[in-house]
There are 2 protein chains.
Amino acid sequence: MTDKHLQIGIIVFDGMTSLDALAPFEVLARTPNSTCHLVWKHCRPIKGDTGLIVTPSLSFDDATQLDVIMVPGGPGQNDLMADEELLGFLRKQAAGAQWVTSVCTGSLLLAAAGLLNGYKATSHWLSLDFLRLFPVEVVPERVVIDRNRVTGGGVTSGLDFAFVLLSLLRGDEAARTLQLLMEYDPAPPFRSGHPDVADVGTVDAVRQLAAGMLEKRRAVCLEAARILAQR
Amino acid sequence: MTDKHLQIGIIVFDGMTSLDALAPFEVLARTPNSTCHLVWKHCRPIKGDTGLIVTPSLSFDDATQLDVIMVPGGPGQNDLMADEELLGFLRKQAAGAQWVTSVCTGSLLLAAAGLLNGYKATSHWLSLDFLRLFPVEVVPERVVIDRNRVTGGGVTSGLDFAFVLLSLLRGDEAARTLQLLMEYDPAPPFRSGHPDVADVGTVDAVRQLAAGMLEKRRAVCLEAARILAQR
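The present account deals with the structure reproduced in this document. (Residues numbered from 1 in each chain as written. Chains lettered and ligands numbered in written order. Predicted model: local features only at pLDDT ≥ 70, side-chain atom pairs only at ≥ 80, totals over all residues. Heavy atoms only, no water.)

Focus on the relation of the copies chain A and chain B
Superposition of chain A onto chain B requires a rotation of 180° combined with a translation of 0.0 Å along the rotation axis, giving an RMSD of 0.0 Å. Such a combination of turn and shift is consistent with a two-fold rotation axis. In terms of C-alpha distance to the rotation axis, chain A has Val54 of chain A as its closest residue, with the C-alpha 2.2 Å off the axis. With an isologous cut-off of 70% or more, the 100% of interface residues of chain A that recur at the interface of chain B puts this contact in the isologous class. (Least-squares fit on C-alpha atoms with pLDDT ≥ 70 in both. Contact = heavy atoms within 4.5 Å.)

Take a look at the structure:
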């Protein structure tokens, strides 16, 4: 399973939730016999939604066919739902890629590009209803695999997503080994990481915190779904 | 608990394991009423051990007293075990900081600076024996709190570490809320994230992979412990 050198591309953009991209990067960059890029329109520094500055290693123009493409999410995804330069790049790459993937609300960008039409997929729990605006079979799981689409839930699900993807790319033993090297034996201090287990007050607090951003997201998703339906 | 605006500083350096720093950054940068910096000698881009490029936001010279200081690990930590500019900065900040913390082999740097003398602390499972070379009470847990020292185990333990630290900084409800926002309800695909649960073959494979780096780490730790004993 290690024959072909794999080109892995993780999209980055201003206003992304940095960990959506960088937790999978940490895993996937350790894929045996591979090169892992941060990919954007240009290679100038990018600022995530918490102010973290990372520098892309590959521009759209310089990218040859990627074997794996991964799209992260975050508030900045809202501004890209009608960005033809990005959506066109994703469509072009997806046509020849072995795996087309996302973490968090990156699935909304894949959906806007039409790349999840008829596929099972997931997203951040707060945005599952927005993914349902597209012709996607929404499955509210942490990691969803449907043919060559692999999508992860919110933010930290990118770790589980990446180990699953690594096992698909290079086999279970490679993923098991890296899980041990990265000491991935999680012990969350609270039982509150999903609305099914968090108490109602905490769920309400998060909905409240995110309300303005979600209102905007609903509007751009409705518009993107409308445009997609006309393509 | 949200009265004082907190200055949080996460050290970054060439050859660090990027996620050691950036998973805690993602959590801690969302601490209510706080500013979270990536801190290094200069603010030019830093390259982690997988090639990820991040830009520090605060230089040692520009740093005023930090309330929280966090040191990550990774192969590049080996080269810093006798770096007086770094160790001196850590000592100076630790004297006035509210919390002195580390993830992964960042604890070896705190130990080299003498900042874990007489404290309980942890490290990456592969490096616990190296931490034992210092006058530290090594506790092989994922997150260890002793007075104002908080240390985390290998790489991904930085998430558990950060949510624990956030609860110490701003209370349990703040941590619970952020765990839900970041959908931190982990589901590792394999049961192999710690030597106690991984099969023997996987443990041997990881030891094999890391052997060269660990040999170097033992040597620099022995030397750093010798220097510390003479201070």
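Next comes the rest of the account.
Some words on helix 5 (residues 157–170) of chain B
Taking 1.5 Å of rise per residue, 14 residues should cover 20 Å, and helix 5 of chain B covers 20 Å from first to last C-alpha, within 8% of that figure. In the stretch just after helix 5 of chain B, Gly171 of chain B is the one whose phi turns positive, near 95°. (Helix = DSSP H or I, 4+ residues; strand = E, 2+ residues; numbered from the N terminus. Expected span 1.5 Å × (residues − 1).)

Re the sheet that holds strand 10 (residues 143–146) of chain B
Backbone hydrogen bonds are what pair the strands of a sheet, in a parallel or an antiparallel way. Residues and elements named next belong to chain B. Pairing is mixed in the open sheet, where seven strands are placed in the order 5-2-1-6-7-11-10. With partners counted over all chains shown, the strands left at the sheet margins are strand 5 (58–59) and strand 10, one partner each. Sheet topology note: the strand 10/strand 11 (residues 149–152) ladder contains four bridges and is antiparallel. Across the sheet, the residue bridging to Asp146 is Arg149, located in strand 11. (Pairing = 2+ DSSP bridges.)

A short note on the interface of chain A and chain B
Listed by partner, the interface residues are 59 residues for chain A and 59 residues for chain B. Summed over both sides, the interface of chain A with chain B buries roughly 5,100 Å², with 65% coming from carbon and sulfur. When residues of chain A are sorted by the area they lose upon contact with chain B, Leu180, Glu183 and Phe190 of chain A head the list and together hold 16% of the total. Its salt-bridge partner being Asp49 of chain A, residue Arg30 of chain B comes within 3.1 Å of it at the nearest N-O pair. Taken together, the elements giving at least two residues each to the side of chain A that touches chain B come down to helix 1 (18–28), strand 4 (53–54), helix 5 (157–170), helix 6 (172–181) and helix 7 (200–230) of chain A. At eight residues, the largest contribution of residues to the side of chain A that touches chain B is made by helix 6 of chain A. (Buried area = accessible area lost by both parts, 1.4 Å probe. Salt bridge = Lys/Arg side-chain N within 4 Å of Asp/Glu carboxyl O.)

What about the packing of aromatic side chains?
Under the definition given, this model contains eight aromatic pairs over all chains. Summarising the aromatic geometry, the rings of Trp40 of chain B and Phe60 of chain B are spaced 5.5 Å apart at their centres and angled 75° between planes, so their arrangement reads as edge-to-face. Of this pair, Trp40 of chain B sits in strand 2 (residues 34–40) while Phe60 of chain B sits in the loop between strand 5 and strand 6 (68–71), and the two are 20 residues apart along the sequence. Accessibility classification places Trp40 of chain B together with Phe60 of chain B in one group, the buried group. Judged by centre distance (5.4 Å) and plane angle (15°), the ring pair of Phe163 of chain B and Tyr184 of chain B falls under stacked. Here the residue Phe163 of chain B occupies a position in helix 5, and Tyr184 of chain B occupies one in the loop between helix 6 (172–181) and helix 7 (200–230), the gap between them amounting to 21 residues. Of the residues examined, Phe163 of chain B reaches a relative accessible area of 0% and is grouped as buried. The buried category is assigned to Tyr184 of chain B, whose relative accessible area is 2%. Ring-pair connections join several aromatic residues into one group, and the members of that group are Phe13, Trp40, Phe60 and Phe89 of chain A. Arg147 of chain A extends its terminal NZ or CZ atom over the ring of Tyr119 of chain A, reaching a point 4.1 Å from the ring centre. (Phe/Tyr/Trp six-rings, centres within 6.5 Å; stacked < 30°, edge-to-face > 60°. Buried < 20%, exposed > 50% of the residue type's maximum accessible area, 1.4 Å probe, protein only. Lys NZ or Arg CZ within 6 Å of the ring centre and 35° of its normal.)

Description of the sheet that holds strand 6 (residues 68–71) of chain A
Residues and elements named next belong to chain A. Across the sheet, which stays open at both edges, the seven strands sit in the order 5-2-1-6-7-11-10 with mixed pairing between neighbours. The open sheet has two edge strands with one neighbour each: strand 5 (58–59) and strand 10 (143–146). One ladder, built from two bridges, connects strand 2 (residues 34–40) with strand 5; its direction is parallel. What sits directly across from Trp40, in strand 5, is Ser59.

What to know about the pairing of strand 11 (residues 149–152) of chain A
Residue and element names in this part refer to chain A. Where burial is concerned, the two faces of strand 11 agree: the one with Arg149 and Thr151 and the one with Val150 and Gly152 are both buried. Across three bridges, the pairing between strand 7 (residues 99–102) and strand 11 is parallel. Each residue of the ladder has a partner; that of Ser102, found in strand 11, is Thr151. Between strand 10 and strand 11, which pair antiparallel one after the other, the connecting turn spans two residues, and Arg147 there sits at a positive phi close to 50°.

Digging into the packing of helix 7 of chain A against helix 6 of chain B
The interhelical angle for the contact between helix 7 of chain A and helix 6 of chain B, taken along N-to-C directions, is 65°, at an axis separation of 9 Å. Taken as axis vectors, helix 7 of chain A and helix 6 of chain B run roughly perpendicular relative to one another. The crossing of helix 7 of chain A and helix 6 of chain B is right-handed. Contacts between helix 7 of chain A and helix 6 of chain B involve Thr202, Val203, Ala205, Val206 and Leu209 of chain A on the former and, on the latter, Glu173, Arg176, Thr177, Leu180 and Leu181 of chain B. (Axes fitted to C-alpha atoms, helices over the stretch in contact; angles between N-to-C directions. Parallel < 35°, antiparallel > 145°, perpendicular 65-115°, else oblique. Left-handed = near helix turned anticlockwise from the far one by under 90°.)

Points about the nonpolar core
Among the nonpolar cores identified, the biggest contains 166 residues, and Ile11 and Phe134 of chain A together with Ile11 and Phe134 of chain B are the most heavily contacted of them. What Ile11 of chain A contacts, discounting residues up to four positions off in sequence, is Ala21, Val39, Trp40, Phe60, Ile69, Met70, Val71, Pro72, Leu86, Phe89 and Leu90 of chain A. (Core = buried A, V, L, I, M, F, W, Y, C linked by side-chain atoms within 4.5 Å.)

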